[in-house]
Amino acid sequence: EIIYFNFNETVLSEDDRIVLNKVIEKLRKNKDLKVTFLGFTDNIGSKANNIKVADARVRVAREYLLNNGIEISRIITYGYGEVMFRADNDTEEGRALNRRVEVSYNYGPK
């Protein structure tokens, strides 16, 4: 599951909410499951700003889950910035694929 963002934005779209609602459903069905949000950006702008943007993106995803009753202890966030590109940053299409929050699940200690 991946949430995509517009350039330098941290606003959730309706499609993003659909993805996050599926995450919430999985977490509600399995109380031992935890979620990790990994935030990434394209390579436009400074590295420092891209880390801030990536961090803000994972925080907005976390806040959505918190506002829907998921405990903070079940949510892990990392804002990486401009690393681990999924596509070429030389095109707008590629940069759009790199501006994302990836969702992963894990079972951690209680």
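Presented here is an overview of the structure given in this document. (Residues numbered from 1 in each chain as written. Predicted model: local features only at pLDDT ≥ 70, side-chain atom pairs only at ≥ 80, totals over all residues. Heavy atoms only, no water.)

**Remarks on unusual backbone geometry**
Link 1 in the chain: Positioned with a positive phi, Asn8 is a non-glycine residue whose angle comes to about 60 degrees.
Link 2 in the chain: Within the secondary structure layout, Asn8 lies in the loop between β1 (2-4) and α1 (14-29).
Link 3 in the chain: Since its relative accessible area comes to 42%, Asn8 is described here as partly exposed. (Helix = DSSP H or I, 4+ residues; strand = E, 2+ residues; numbered from the N terminus. Buried < 20%, exposed > 50% of the residue type's maximum accessible area, 1.4 Å probe, protein only.)

**Focus: α1**
Side chains of residues three or four places apart in an α-helix project in the same direction, reflecting 3.6 residues per turn.
Link 1 in the chain: Its 16 residues place the ends of α1 23 Å apart at the C-alpha level, agreeing with the 22 Å of an ideal helix rising 1.5 Å per residue.
Link 2 in the chain: Residues Asp16, Val19, Leu20, Val23, Ile24 and Leu27 constitute the buried set of α1. The arc enclosing the buried residues of α1, seen along the axis, measures out at 145 degrees, which places them on a common side. Exposed and facing more than 90 degrees away from the buried side of α1 are Glu14, Asp15 and Lys29.
Link 3 in the chain: Buried residues belonging to α1 abut β1, β2 (33-40), α2 (47-67) and β4 (100-107). (Expected span 1.5 Å × (residues − 1). Arc of directions from axis to C-beta. Contact = heavy atoms within 4.5 Å.)

**Concerning the nonpolar core**
Link 1 in the chain: Counting 19 residues, the largest nonpolar core has Ile3, Leu20, Leu27, Val35, Phe37 and Leu65 as the members making the most contacts within it.
Link 2 in the chain: Of all the secondary-structure elements, those providing two or more residues to this core are α1, β2, α2 and β4.
Link 3 in the chain: Every residue in contact with Leu20, bar those within four places of it in the chain, is listed here: Ile3, Leu12, Phe37, Ala61, Tyr64 and Leu65. (Core = buried A, V, L, I, M, F, W, Y, C linked by side-chain atoms within 4.5 Å.)

**Some remarks on the pattern of salt bridges**
Link 1 in the chain: All told, the structure shown has 9 salt bridges when counted by the stated rule.
Link 2 in the chain: The closest approach of N and O atoms between Asp55 and Arg59, which form a salt bridge, is 3.0 Å. One end of the pair, Asp55, and the other, Arg59, are both in helix α2, 4 residues apart, so they sit about a helical turn from each other.
Link 3 in the chain: Judged by relative accessible area, which is 30%, Asp55 ranks as partly exposed.
Link 4 in the chain: Owing to a relative accessible area of 36%, Arg59 belongs among the partly exposed residues under this scheme.
Link 5 in the chain: The shortest N-O distance in the salt bridge between Glu92 and Arg99 comes to 2.9 Å.
Link 6 in the chain: Classification of Glu92 as partly exposed rests on a relative accessible area of 41%.
Link 7 in the chain: The exposure class of Arg99 is buried, given its relative accessible area of 5%.
Link 8 in the chain: A single salt-bridge network, built from bridges that share partners, covers Asp42, Glu92, Arg95 and Arg99. (Salt bridge = Lys/Arg side-chain N within 4 Å of Asp/Glu carboxyl O.)

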